[in-house]
Amino acid sequence: MISKTNKGSSLEGQIKQLKKALAAADKDPFLYQLEEIHFMKRSLRRLKEVNQLAKIAQKGGFGYDV
């Protein structure tokens, strides 16, 4: 069961929630269906990528092509 995230939640908060849900799925294999686990892993990967790009854009110092 995937809960919807709040509109105001940060990227770090969403990443933390997905990691927690995936850890729970590892402990109890019957907690989520396989499609849900794939969706969560894909979402986690995308959120990490967006978070990394946001950090690069905010720093904007030497060595960053923005």
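Keep in mind the model is a prediction, meaning the values are calculated, not measured.

Asker: Please clarify how the overall build of the chain should be interpreted in this entry.
Answerer: Across its full length, the chain carries 2 helices and 0 strands. In the chain, which comprises 66 residues, the share counted as buried stands at 20%.

Asker: How do you make sense of the nonpolar core when you look at a structure like this?
Answerer: Burial of nonpolar side chains together is a common tendency in soluble globular proteins. In terms of nonpolar packing, the biggest core is built from 10 residues, these being Ile-15, Leu-18, Ala-21, Leu-22, Ala-25, Tyr-32, Ile-37, Met-40, Leu-44 and Leu-47. For this core, the secondary structure elements donating two or more residues are helix 1 (11-27) and helix 2 (34-59). With near-sequence residues (within four places) excluded, Ala-21 lies in contact with Tyr-32 and Met-40.

Asker: Just checking my understanding: could you explain helix 2 for this structure?
Answerer: Two residues of an α-helix separated by three or four positions point the same way, owing to the 3.6 residues in each turn. Taking 1.5 Å of rise per residue, the 26 residues of helix 2 would be expected to cover 38 Å, and the 38 Å separating its terminal C-alpha atoms lies within 8% of that figure. Buried within helix 2 are the following residues: Ile-37, Met-40, Ser-43, Leu-44, Leu-47 and Asn-51. Of the surrounding elements, those touching the buried residues of helix 2 are helix 1. Just downstream of helix 2 lies Gly-60, where phi reads positive at about 55 degrees.

Asker: What is the right way to look at the packing of helix 1 against helix 2 in this model?
Answerer: Describing two packed helices takes the angle between their axes plus the distance from one axis to the other. Two elements in contact, helix 1 and helix 2, have axes whose closest approach is 10 Å; the angle formed by their N-to-C orientations is 150 degrees. Between helix 1 and helix 2, the angle falls in the class roughly antiparallel. Considering only the axes of helix 1 and helix 2, their crossing is left-handed. Contact residues: helix 1 offers Leu-11, Glu-12, Gln-14, Ile-15, Leu-18, Lys-19, Ala-21, Leu-22 and Ala-25, while helix 2 offers Ile-37, Met-40, Lys-41, Ser-43, Leu-44, Leu-47, Lys-48, Val-50, Asn-51 and Lys-55. Here the residues of the contact of helix 1 with helix 2 are counted per class, giving 11 nonpolar, 3 polar and 5 charged.

Asker: Just to check I follow, could you spell out helix 1 for this structure?
Answerer: Given a rise of 1.5 Å per residue, 17 residues ought to cover 24 Å, and the 25 Å separating the end C-alpha atoms of helix 1 matches this to within 8%. When we look at burial in helix 1, the residues that qualify are Gln-14, Ile-15, Leu-18, Ala-21, Leu-22 and Ala-25. One side of helix 1 holds all its buried residues, which, seen down the axis, span an arc of 130 degrees. In helix 1, the exposed positions that point more than 90 degrees away from the buried face belong to Lys-16, Lys-20 and Lys-27. Residues of helix 1 that are buried sit in contact with helix 2.

Conventions and cut-offs
Residues numbered from 1 in each chain as written. Predicted model: local features only at pLDDT ≥ 70, side-chain atom pairs only at ≥ 80, totals over all residues. Heavy atoms only, no water. Helix = DSSP H or I, 4+ residues; strand = E, 2+ residues; numbered from the N terminus. Buried < 20%, exposed > 50% of the residue type's maximum accessible area, 1.4 Å probe, protein only. Core = buried A, V, L, I, M, F, W, Y, C linked by side-chain atoms within 4.5 Å. Contact = heavy atoms within 4.5 Å. Expected span 1.5 Å × (residues − 1). Axes fitted to C-alpha atoms, helices over the stretch in contact; angles between N-to-C directions. Parallel < 35°, antiparallel > 145°, perpendicular 65-115°, else oblique. Left-handed = near helix turned anticlockwise from the far one by under 90°. Nonpolar A, V, L, I, M, F, W, Y, C, P; charged D, E, K, R; others polar. Arc of directions from axis to C-beta.

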